[in-house]
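Reading the structure
For reference, the chains in residue letters:
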Amino acid sequence: RVRSSAASDVYKRQQKYIDKNDSEEYHIYEHLNNSSSVGEKMTYTIDENTKTTAIPDEDVVASLSELFKALGDPTRVKILSCLQISDMNVGDIADKLGMTTSAVSHQLRVLRAIKLVKGTKEGKEVRYSLDDDHVTLIMQCGLTHVNEER
């Protein structure tokens, strides 16, 4: 299986494991390569309302489709991977990915519109970060899925 370079780099730096237990909670344990200790534990409880028993309403389907469409762009996934490592401004992201600030700003605008990233003004600059823990969970589930042995 071919892995994208950005996803592979993040995966190597932050190996995260997802395991499902009997209480229907997903735990993500962060193991940093240079550390033998377990980092922060994030727990996501599966609500009975989120289990698929019926087709969601049209507006929910449209919103979910927009989310997956945004994640379907490799540049946006690379930006999210950068922000998973640390909060950054447009210039930092552009330098890290070898892109123009204009191109990064355009992609950040799209990611902000669907609430995957948020910006915090610091003086004349805006520092971007992942919007919430759900974005990290989505990224880690995706990385786990593409890196699993079949």
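Notes on the structure follow. None of these values were measured; they are calculated from a predicted model. (Residues numbered from 1 in each chain as written. Predicted model: local features only at pLDDT ≥ 70, side-chain atom pairs only at ≥ 80, totals over all residues. Heavy atoms only, no water.)

Right, let's get into the sheet that holds strand β6 (residues 125-130). Taken in spatial order, the 3 strands line up as β4-β6-β5 in an open sheet, and their pairing is antiparallel. Unpaired on one side and paired on the other, β4 (88-89) and β5 (117-122) mark the two borders of the sheet. Pairing of β5 with β6 involves 6 bridges; the strand directions are antiparallel. Each bridged residue has a counterpart across the sheet, and for K118 the counterpart in β6 is S129. Relative to β6, helix α3 (residues 74-85) is tilted by about 95°, and along the sheet it contacts β4, β5 and β6. (Pairing = 2+ DSSP bridges. Helix = DSSP H or I, 4+ residues; strand = E, 2+ residues; numbered from the N terminus. Contact = heavy atoms within 4.5 Å. Axes fitted to C-alpha atoms, helices over the stretch in contact; angles between N-to-C directions.)

Attention now goes to unusual backbone geometry. Of note in this structure, K115 is not a glycine but carries a positive phi near 60°. Position of K115 among the secondary structure elements: in the loop between α5 (101-113) and β5.

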